[in-house]
Amino acid sequence: MTDFDPEKFEDKYANYFPELQRAYKNAFETMNDEFDSSLIHGVDQQILNESEPFYEDGDFSVQLPENPAERLTAVEIDDDELDAVLDRYVDEIEGELRRVFGVEA
């Protein structure tokens, strides 16, 4: 577990890049085990590649890019189903960020 400094998270890619990669990879593996792999790969490569993790008010959050459904061209999926998968995926990433950095919600 990494010694987490919220102030250093403001420059997260310089200070915590390996930890961010680990959290996203762990979330990807969990999601890939539970959902269709082509869907999860598409979401990972076409939506989450532009997501942004934040640490505010004692917890992590992940901001998705605008219009995620329009970004996903690798697979066809109903918007409501995609929203549910994205909600679950974001929850998984946020949980992994808390675990990797040792932060309790």
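Residues numbered from 1 in each chain as written. Predicted model: local features only at pLDDT ≥ 70, side-chain atom pairs only at ≥ 80, totals over all residues. Heavy atoms only, no water.

(A) Helix H3 (residues 37-46), seen in detail. Among all positions of H3, only Leu39, Ile40, Gly42, Val43 and Asp44 are buried. Buried residues belonging to H3 abut helix H2 (17-34) and helix H5 (79-101). (Buried < 20%, exposed > 50% of the residue type's maximum accessible area, 1.4 Å probe, protein only. Helix = DSSP H or I, 4+ residues; strand = E, 2+ residues; numbered from the N terminus. Contact = heavy atoms within 4.5 Å.)

(B) View of the layout of surface pockets. Its boundaries defined by the atoms lining it, the largest pocket holds a volume of some 280 Å³. The wall of the largest pocket is formed by 13 residues, among which Leu20, Gln21, Tyr24, Leu48 and Asn49 lie closest to the centre. Those elements giving two or more residues to the lining of the largest pocket turn out to be H2 and H3. With six residues, the single largest contributor to the lining of the largest pocket is H2. For the lining of the largest pocket, the per-class residue count stands at seven nonpolar, four polar and two charged. (1 Å grid on protein atoms, 1.4 Å probe; cavity = no way out; pocket = protein on both sides within 12 Å on 5 of 7 lines; lining within 4 Å. Points joined across faces, edges and corners; volume = space filled by probe spheres on them. Nonpolar A, V, L, I, M, F, W, Y, C, P; charged D, E, K, R; others polar.)

(C) Expanded view of H2. The end-to-end C-alpha separation of H2 is 26 Å, in line with the 26 Å expected for 18 residues at 1.5 Å each. For H2, the elements touching its buried residues are helix H1 (12-15), H3, strand E1 (52-56), strand E2 (59-63) and H5. (Expected span 1.5 Å × (residues − 1).)

(D) Fine view of a negative patch on the surface. On the surface, Glu70, Asp78, Asp79, Asp80, Glu81, Asp83, Asp87 and Asp91 cluster together into a negatively charged patch. With respect to the helices and strands, the residue Glu70 is situated in helix H4 (residues 68-71). (Patch = residues over 30% accessible without salt bridge, like charges linked within 9 Å, V, L, I, M, F, W, Y side chains within 5 Å. Areas by Shrake-Rupley, 256 points an atom, 1.4 Å probe, with all protein chains shown as cover. Salt bridge = Lys/Arg side-chain N within 4 Å of Asp/Glu carboxyl O. Lys, Arg positive; Asp, Glu negative; His and termini not counted. Charge placed at Lys NZ, Arg CZ, Asp CG, Glu CD.)

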